[in-house]
Amino acid sequence: MAMDAIEELYQRILTRKSASPDISYTARLFTLGEDEIVKKVGEEAIEVILAAKSQGNLRLVEEVADLTYHVLVLLALRGVSPTDVAAELARRQK
């Protein structure tokens, strides 16, 4: 179930790559390029840490969702799919 939601979000991100940056935050991120996307991933990672330390579980879930979205944008930019990540995680379980 969770992987389906991640794959669905990833596919939506891919379709928004070609949208107008004026109306799509995702398209705007792609226009800004890898440096800005990586910066956003870093910011969201810090927010996850802060939420985990002092802001409660609801805030933690919200921040992990934000981080997941931005990581998926980075993967899409680089042509890497969530399936690739799942395969690596499966390989590590052996």
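The following paragraphs examine the structure supplied in this document. (Residues numbered from 1 in each chain as written. Predicted model: local features only at pLDDT ≥ 70, side-chain atom pairs only at ≥ 80, totals over all residues. Heavy atoms only, no water.)

**What to know about helix α2 (residues 25–32)**
Within the sequence span of α2, burial applies to Thr 26, Ala 27, Leu 29 and Phe 30. The buried residues of α2 occupy an angular sector of 155° when projected down its axis, which confines them to one face. Set apart from the buried face of α2 by more than 90 degrees, the exposed residues are Thr 31 and Leu 32. Where α2 is buried, its residues touch α1 (2–16), α3 (34–54) and α4 (56–78). Immediately downstream of α2, the backbone of Gly 33 shows phi near 95°, a positive value. (Buried < 20%, exposed > 50% of the residue type's maximum accessible area, 1.4 Å probe, protein only. Helix = DSSP H or I, 4+ residues; strand = E, 2+ residues; numbered from the N terminus. Arc of directions from axis to C-beta. Contact = heavy atoms within 4.5 Å.)

**A look at the pattern of salt bridges**
Summed over the entire model, instances satisfying the criterion amount to eight salt bridges. Three or more residues are tied together by salt bridges with common partners; here these are Lys 40, Glu 43 and Glu 44. (Salt bridge = Lys/Arg side-chain N within 4 Å of Asp/Glu carboxyl O.)

**Considering the environment of Ser 24**
As for its placement among the helices and strands, Ser 24 is situated in the loop between α1 and α2. Given the relative accessible area of 6%, Ser 24 is considered buried. For the pair Ser 24 and Tyr 69, spaced 45 residues apart in sequence, the C-alpha to C-alpha distance is 14 Å. Excluding anything up to four places from it in sequence, Ser 24 contacts Arg 16 and Ala 19. For Ser 24, the side chain forms a polar contact with the main-chain nitrogen of Ala 27, separated by 3.1 Å. (Polar contact = N/O pair within 3.5 Å; in protein donor to acceptor, adjacent residues only side chain to side chain.)

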